[in-house]
Amino acid sequence: MVVPGSQEEKMFYPPDDLQMDAHVPDFNSYLQMYRKSIENPDAFWKEIADEFFWKKPATGSMLQYNFDVTKGSIYVKCMEGAKTNMCYNVLDRHVLKGNLGEKVAYYWEGNSPDQHLTVTYSQLLSQVCRCANVLKKMGVKKGERVSIYLPMIPELVITMLACARIGAVHSVVFAGFSSESLCERIIDAQSCVLVTADGVYRGEKLVNLKQIADEALQKCREKSSTSVTKCVVIKHQTLRTKCGAARNKLQTPWDSDCDVWWDEVMKDSPEECEPEWLDAEDPLFILYTSGSTGKPKGVLHTVAGYLLYTALTFKCVFDYHHDDVYWCTADIGWITGHSYIMYGPLANGASSVLFEGIPVHPHVGRLWEIIEKYKVTKFYTAPTAIRLLMKYGREPVQKYDLSSLRILGSVGEPINPEAWHWYHEVVGRGKCPIVDTFWQTETGGHVLAPLPAATPLKPGSATFPFFGIEPAILNEHGEELQGEAEGYLVFRRPWPGIMRTVYKNHERFQNTYFKKFPGFYVTGDGCRRDKDGYYWITGRIDDMLNVSGHLMSTAEVEAALMEHPAVAEAAVVSRPHQVKGECLYCFVTVKDCKEFNHTLMEELKRQVREKIGPIATPDFIQNAPALPKTRSGKIMRRILRQVARNERELGDVSSLTDPKVVEVLFSQRCEGAA
Ligand code: PRX
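Just so you know, these numbers come straight off a predicted model, no measurement behind them.

Rules used in this analysis
- Residues numbered from 1 in each chain as written.
- Predicted model: local features only at pLDDT ≥ 70, side-chain atom pairs only at ≥ 80, totals over all residues.
- Heavy atoms only, no water.
- Helix = DSSP H or I, 4+ residues; strand = E, 2+ residues; numbered from the N terminus.
- Rg over C-alpha atoms; globule rule 2.2 N^0.38 Å.
- Buried < 20%, exposed > 50% of the residue type's maximum accessible area, 1.4 Å probe, protein only.
- Contact = heavy atoms within 4.5 Å.
- Lys, Arg positive; Asp, Glu negative; His and termini not counted.
- Charge placed at Lys NZ, Arg CZ, Asp CG, Glu CD.
- Near = heavy atom within 4 Å.
- Polar contact = N/O pair within 3.5 Å; in protein donor to acceptor, adjacent residues only side chain to side chain.
- Nonpolar A, V, L, I, M, F, W, Y, C, P; charged D, E, K, R; others polar.
- Salt bridge = Lys/Arg side-chain N within 4 Å of Asp/Glu carboxyl O.
- Phe/Tyr/Trp six-rings, centres within 6.5 Å; stacked < 30°, edge-to-face > 60°.
- Lys NZ or Arg CZ within 6 Å of the ring centre and 35° of its normal.
- Axes fitted to C-alpha atoms, helices over the stretch in contact; angles between N-to-C directions.
- Parallel < 35°, antiparallel > 145°, perpendicular 65-115°, else oblique.
- Left-handed = near helix turned anticlockwise from the far one by under 90°.
- Core = buried A, V, L, I, M, F, W, Y, C linked by side-chain atoms within 4.5 Å.
- Pairing = 2+ DSSP bridges.
- Expected span 1.5 Å × (residues − 1).

1. Describing the overall build of the chain
- Along the backbone of the chain there are 22 helices and 31 strands.
- Since a compact globule built from 674 residues should have a radius of gyration of about 26 Å, the 25 Å found for the chain is in line with a globular shape.
- Projected onto its principal axes, the C-alpha coordinates of the chain cover approximately 75 × 65 × 60 Å.
- Counting all 674 residues of the chain, 62% fall into the buried class.
- In the chain, the share of contacts with a sequence separation of at least 24, taken over all contacts with a separation of at least 6, comes to 73%.
- Counting 77 positive and 83 negative side-chain charges, the chain places the averaged centre of each group 2 Å from the other.

Next up, the structure:
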């Protein structure tokens, strides 16, 4: 790694005022700390751990591991022997200090601007204790799983922390997922309790969450004996909105054996609850992420390592200070929300905005209005949101006073130069560094990211590794490439926040991340390192796509399409999209007796929405009388990607059984897919 400064492309240097009181004030400090984290990880992480509370100190070293499948089972252990509790560290520790109890933990903003409330650290702690006691009373024990299907409301945070307090493992399912997806995740986790809400407005649209939850539980009963004994329902929409119509629409059947109202069980629940002292390596949560086989993987994170890693990345990458107002627009249903709305900010005692709504409701300036309202200093969003808002021009941004902003962040997908410059100039008024953070559900926290006062930026590059991260770029044969290079992005050693396993499937964990290149964690992303040592993510190199920052597998969409009785075969590829980054382009072969027509297309779209959720709705569905296959019967996806993009230079197609198939596909391309 070289100290940057001699590049041809335009670099963006940290503003002086940020450097004055930054945790990592310049590039040399970054290099020094980075070296320490690699050469002496034990001392490095011990210092970080000293800021937190340990009921019992660690007996082993800070990190023990085997990262090489050829030498035995993969494992990572952080602070073995230590006992602690995540909830205690992110709440009690602050409240007991005395000075943070009255500090706002969350400024909640509802879907509509007239819905808002604040929650202090003390209030959060007492609500969490009450909820923890409710769960205990329902019989939830340490190690048992609780599924959570909630919109972005304070009760979501409360329930997750209540689980953490009693040692239960939360499994949050994004509330945009379908009943089928929820059911699949409940069955895999064998959860004993489901927490949901009556409903939620997303913009103008009312979603009846309880009904979806009921359908999911019904499907669980049909597929296996369901493990869920209680379903706790929060009266969110019926209590908080002034919309009478919603109240009527949200009435759903009530199963008095299983369903309980949140308000009723919380009412008399005691406000004190001793935390369960957990082993450092006890599980904290499961979060499902798409797998290339189509079946979601339950990514499992553990207590101590995840605490250290989310706390430190949050503090350094957003250069957190006590008087900051921080806002991450992600949903807590994804890892970004777990790490950077919940655990990282709370571990630092930060005040955050918790936003339930969408960026364009009730007007396209909503995000900027909220920044002005709370004087947000650090703002973290996804390129897809930037691209969406760019379409409306500068005026809706410039109407608001955004002068409080000091650092902007980007996450979830590569940020294209046009979006980067707009974000930098229009939102950040040319004064705020953009931290482009590369990471994954599996990594728990940022692994490649600039430090805002230290790292000169190149638009589109996630720049350099975070402390403790040792990246490498390998070629197809597993040989490590030095200097300027492009290939597979891998990591040579673990860091505290890396996932520990795929829930109930350690073999899948090893096969997915460690088998291809023994000795390394394989991200599944391609990457380029330039002559200055900057890392540039080039995109997925497996059959995964990234739609609006959400990772999904082609296999899961194909499986959803194939369930339609008219479909004989389906193949799904990615196609570039102006706002979403990538979108789904599907090829469908119908059964002999069936006809491919508009009605079928609509049915298929609905089918995918119902099976997976609206985020997976295909943009294009094309008739494919046949699919291009090799002699061994493998679909040549490269060709399908070219058809989807209308790229007619096909290169070598000699392995195709029937090259005429491709001509037919080109002649039947979808309208609008120019
Ligand atoms: O392909 C990379 C892309 O998102 C994937 C991880 O998705 P997920 O587990 O859902 O977590 C998303 C939020 C951390 C990665 O393998 N990705 C994430 N951040 C970036 C990115 N691609 C380019 N640049 C990024 N900053």
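2. So, the site of the ligand
- In the vicinity of the ligand there are 18 residues, among which Asp436, Thr437, Thr441, Asp525 and Arg540 approach most closely.
- Take Glu413: an N or O atom from its main chain is 3.4 Å from a nitrogen atom of the ligand.
- For the ligand, an oxygen atom lies 2.9 Å from a polar atom in the side chain of Gln440.
- Elements supplying a minimum of two residues to the shell around the ligand: α13 (335–347), β20 (434–437) and β26 (535–540).
- Taken together, the residues that form the shell around the ligand break down as seven nonpolar, six polar and five charged.

3. Description of the pattern of salt bridges
- On inspection of all chains with the given rule, the structure shows 36 salt bridges.
- The closest approach of N and O atoms between Glu80 and Lys77, which form a salt bridge, is 3.5 Å.
- We classify Glu80 as partly exposed; its relative accessible area is 31%.
- Here Glu109 makes a salt bridge to Arg366, at a shortest N to O gap of 2.8 Å.

4. Thoughts on the packing of aromatic side chains
- Going through the model one piece at a time under the given rule, you end up with 46 aromatic pairs.
- With a centroid separation of 5.8 Å and 75 degrees between ring planes, the pair formed by Tyr65 and Phe67 is classed as edge-to-face.
- Using a relative accessible area of 4% as the deciding quantity, one classes Phe67 as buried.
- Each member of the aromatic cluster is reached from another via a ring pair, and the members are Phe27, Tyr30, Tyr34, Phe44, Trp45, Tyr309, Phe464, Phe466, Phe467 and Tyr534.
- Lying across the ring of Tyr75, Lys77 places its NZ or CZ 5.3 Å from the centre.
- If you follow Arg185 out to its NZ or CZ, it ends over the ring of Phe177, 4.4 Å from the centre.

5. Observations concerning helix α15 (residues 383–390)
- Among the eight residues of α15, seven are classified as buried, and the element is accordingly described as predominantly covered.
- When we look at burial in α15, the residues that qualify are Pro383, Thr384, Ala385, Ile386, Arg387, Leu389 and Met390.

6. Regarding the packing of helix α4 (residues 86–97) against helix α6 (residues 154–166)
- Orientation of α4 relative to α6, taken along the N-to-C sense of each, is 120 degrees, at an axis distance of 7 Å. On the basis of the axis angle, α4 is oblique to α6. When α4 is examined against α6, the residues Met86, Cys87, Tyr88, Val90, Leu91 and Asp92 are found in contact with a partner set consisting of Leu161, Ala164 and Arg165.
- A class-by-class count of the residues in the contact of α4 with α6 yields seven nonpolar, no polar and two charged.

7. Some thoughts on the packing of helix α21 (residues 637–645) against helix α22 (residues 660–667)
- α22 packs onto α21 with a crossing angle of 25 degrees between their chain directions and a minimal axis gap of 9 Å. In this view, α21 runs roughly parallel relative to α22, as classed from their interaxial angle. In this structure, α21 crosses over α22, and the sense of that crossing is right-handed. When α21 is examined against α22, the residues Ile639, Leu640, Gln642 and Val643 are found in contact with a partner set consisting of Val662, Leu665 and Phe666.
- The residue makeup of the contact of α21 with α22, split by class, is six nonpolar, one polar and no charged.

8. Examining the nonpolar core
- One finds Tyr30, Met79, Leu124, Leu161, Leu308, Tyr343 and Phe467 to be the most contacted residues of the largest nonpolar core, which totals 176 residues.
- Looking at this core, the element that brings in the most residues is helix α12 (residues 303–317), giving eleven residues.
- Look past the residues within four positions of Tyr343 in its chain and what remains in contact with it is Met86, Val90, Met160, Leu161, Ala164, His170, Leu284, Phe285, Tyr306, Thr310 and His338.
- Within the second largest apolar cluster, 32 residues are counted, among which are Val376, Met390, Ile415 and Val426.

9. Digging into the side chain of Asp319
- By the element assignment, Asp319 lies in the loop between α12 and β16 (325–328).
- Buried within the structure, Asp319 lacks any salt-bridge partner; its nearest side chain of opposite charge belongs to Lys378, at an N-O separation of 4.9 Å.
- Within the structure, the side chain of Asp319 is placed 2.9 Å from the backbone nitrogen of His23, a separation counted as a polar contact.
- In contact with Asp319, not counting residues within four places along its chain, are Leu18, Ala22, His23, Phe314, Asp324, Lys378, Ile407 and Pro452.

10. What about the sheet that holds strand β24 (residues 501–502)?
- Pairing within the open sheet is mixed, and its eight strands lie in the order β12-β11-β8-β6-β7-β14-β15-β24. With partners counted over all chains shown, the strands left at the sheet margins are β12 (259–261) and β24, one partner each.
- Here strand β6 (residues 145–149) pairs with strand β7 (residues 169–172) via four bridges, running parallel. Bridging from a neighbouring strand, Ser147 pairs with Ser171 of β7.

11. Here's the deal with the sheet that holds strand β22 (residues 480–481)
- What the five strands build is an open sheet, ordered β22-β21-β23-β25-β26; its pairing is antiparallel. Each end of this open sheet is capped by a strand with a single partner; those strands are β22 and β26.
- Note that strand β25 (residues 521–529) and β26 share five bridges and pair antiparallel. From the neighbouring strand, Cys527 faces β26, where its bridge partner is Ile537.

12. Side note on helix α5 (residues 121–137)
- Over its 17 residues, α5 extends 24 Å from the first C-alpha to the last, a length consistent with the 24 Å expected when each residue adds 1.5 Å.
- Most of α5 sits inside the fold, with twelve of its 17 residues counted as buried.
- Within α5 the residues assigned to the buried category are Tyr121, Leu124, Leu125, Ser126, Val128, Cys129, Arg130, Cys131, Ala132, Asn133, Val134 and Leu135.
- One or two residues past the end of α5 sits Gly139, with phi positive at roughly 95 degrees.

13. Let's talk about the environment of Arg165
- Among the secondary structure elements, Arg165 is positioned in helix α6.
- Residue classification places Arg165 among the buried positions, given a relative accessible area of 3%.
- For the pair Arg165 and Pro25, spaced 140 residues apart in the sequence, the C-alpha separation amounts to 36 Å.
- Contact partners of Arg165, with chain neighbours within four places excluded, come to Asn85, Cys87, Tyr88, Asp92, Leu125, Val128, Cys129, Ala132, Cys273, Pro275 and Glu276.

In short, geometric facts, not functional conclusions.
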